[in-house]
Structure formats: C-alpha cells, structure tokens
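So the chains spell out like this:
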Amino acid sequence: MIVVNTEYIPGKKIVAIKGLVQGNTVRAKHVGRDIMASFKNIVGGELKGYTELLVESRREALSRMLSQAQELGANAVVNVRFATSSITAGAAELYVYGTAVTVVDAAPAQG
Amino acid sequence: MHTLIALIAGLGMLVLGFIAGRITESRHLRRLASREQALSGMIQCNLRSLPQGLHVHGSFLVLGSAVIATDYFKTVAAGLRNIFGGEMRSYRSLMSRARREATVRMLEQARENGADIVWNVRYETSTIQGKRSAGGVEILAYGTAVKRS
C-alpha cells in the first residue's frame, strides 16, 4: 500500500478511484502524564509523553484508514490529510482521511 | 500572611521558569541547529507537483510532530502582553521551536528510509490542553518523501 499526501504518485498512474477513506481515534492522557505536564509548564521544554501519545494515536488512525482502503481493494491512498481537534480538556481527536485509488506503473519516460 | 506566601511562591515559580526556560530553550536551539546542519542535503518544499524533468521513485508518507510546553515565565509575559497588545515574542519563539523540531523529525524519518526529497509539506498546529491547565502546542509536519532516480 502506497500512502502519500500528494495528488499523484510519481512513476505511477491512477487507473481507478475507489473512494474516500478515513480513520479516527479519540485519546485521553492519563493523570500521571497530566501531572508531569503541569510541572513541565513551569520549566518549559518538550512534553515527551504527549508527543508519544499523539504519534501512537495517529498511527492507529492511519492503520484504520488503511484497512478501509484494503477493503475497497485499493493499492494506494493519495492526498492524505490530517486533522486534530480537542474535544474536552484532556482528550483529543485525531482524524486522517484520503482518497483510495488503484495505481499501475506508468511508462518509464513520464517520471 | 497567606498572601505573602502566595506572592513568594509566585515569584519563585517566575524565577524558576525564567532560568529553567532559558536553559531548555537555548539547549533545544543548539540541538536543532546541529540536526538541521546534518539534514542540509535534503530538499523540502510544499509544491503540489514536482517540476517536469525531475525523475523520482518510491513515494511514501513521512510525519514529524512535537509537543512543546510553555514555561511559567513565558505564560506570565504573554499574559502581560495580552493587556497591552503587540507581538508575543515569548510565544513566537516557542512556536518556531516546535515547528523546527517537527520538521527535523519529518526529514530524519525520510532520510532513514533512503529518501532525499520531501515535497508537498503541510503543517498543522493544535493546542494541547490538560485538565490542570497544562498547556502546550503540537505541531505536525507531513509530506511525501521520494528518492531521486
């Protein structure tokens, strides 16, 4: 499965559009991380716990999107976009969407 | 008496925030500079399509993100700035640090997987709010990595 956030894939030709695919997840941080984070708010610096959590959750949302694409029989997802929104204090929704397509190798000269 | 204790605690946090914040910021900036130096061979752009004649192969998605917290001094400085208006310099440096960090992580992911160009780069910003007003900002950078052929 090829996943890109561009409208086309260099060296490939889109032969069929399978439809919009999406994946989301809502995650909350646990209390320990919140306490660590409020301490970090005094001294500054990176909130590593939050970064990890968001990376993990985004991976989850991506894999949900990919399984949808697989069900549709696509072999690539193009024009992928990410969106993040905080629902309440302490919870965030991570959303990813793209267009599932079928691609084949293009003639080599077209690059 | 209580107000005095609160005042001293507040001042202590302000001083701690100022000193610790300065140290973390300058350390972070130094680290960023050396990592950016190491990545100077990579090309990144936010073009929607690659220029004609540039032959590439092996597209894949790359992501980089960072959550950076403000320090207490910055929060107070920004609060004051909110009264008088004008540019919040303390927060500006915070945002640009977070954005640089996210960019560097994205480029590092691309390089680790053998790519040398990242195109159609997009940035996204969101604020992270904890239950106890633990505030930070998340920057996400993503793009499509390719190898020149």
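Preceding this section is the structure that the text describes.
Remember, predicted model here, so these are calculated numbers, not experimental data.

A look at the side chain of Lys74 of chain B
Residues and elements named next belong to chain B.
Move 1: With respect to the secondary-structure elements, Lys74 resides in helix H2 (residues 72–84).
Move 2: Assessed through its relative accessible area of 8%, Lys74 is described here as buried.
Move 3: Within the structure, the side chain of Lys74 is placed 3.1 Å from the side chain of Glu25, a separation counted as a polar contact.
Move 4: Not counting residues within four places of it along the chain, the set of residues in contact with Lys74 comprises Glu25, Ser90, Tyr91, Ser93, Leu94 and Arg97.

Digging into the pairing of strand S4 (residues 135–148) of chain B
Residue and element names in this part refer to chain B.
Move 1: With twelve of 14 residues buried, S4 is to be regarded as a mostly interior element.
Move 2: Bridging between strand S2 (residues 56–71) and S4 involves twelve bridges; their strand directions are antiparallel. The partner of Leu63 across the bridge, within S4, is Tyr142.

Observations concerning the interface of chain A and chain B
Move 1: At the interface, 39 residues of chain A touch 47 residues of chain B.
Move 2: A buried area of about 3,400 Å², summed over both sides, lies between chain A and chain B, and 55% of it is on carbon and sulfur atoms.
Move 3: For Arg105 of chain B, the salt bridge is made with Glu46 of chain A, and the minimal N-O distance between the two is 2.9 Å.
Move 4: There are 13 residue pairs in polar contact (both at pLDDT 80 or more) connecting chain A and chain B.
Move 5: When residues of the side of chain A that touches chain B are traced back to their parent elements, those giving at least two are strand S1 (2–3), helix H1 (31–43), strand S3 (44–46), helix H2 (48–71) and strand S4 (76–88) of chain A.
Move 6: At nine residues, the largest contribution of residues to the side of chain A that touches chain B is made by H1 of chain A.
Move 7: Across the side of chain A that touches chain B, the residue classes tally to 21 nonpolar, eleven polar and seven charged.
Move 8: Sheet topology note: the S3 of chain A/S2 of chain B ladder contains two bridges and is antiparallel. Of the residues in S2 of chain B, the one forming a bridge with Glu46 of chain A is Ile68 of chain B.

Parameters and conventions
Residues numbered from 1 in each chain as written. Chains lettered and ligands numbered in written order. Predicted model: local features only at pLDDT ≥ 70, side-chain atom pairs only at ≥ 80, totals over all residues. Heavy atoms only, no water. Helix = DSSP H or I, 4+ residues; strand = E, 2+ residues; numbered from the N terminus. Buried < 20%, exposed > 50% of the residue type's maximum accessible area, 1.4 Å probe, protein only. Polar contact = N/O pair within 3.5 Å; in protein donor to acceptor, adjacent residues only side chain to side chain. Contact = heavy atoms within 4.5 Å. Pairing = 2+ DSSP bridges. Buried area = accessible area lost by both parts, 1.4 Å probe. Salt bridge = Lys/Arg side-chain N within 4 Å of Asp/Glu carboxyl O. Nonpolar A, V, L, I, M, F, W, Y, C, P; charged D, E, K, R; others polar.

So, to be careful, I would describe these as geometric facts and stop short of saying anything about function.
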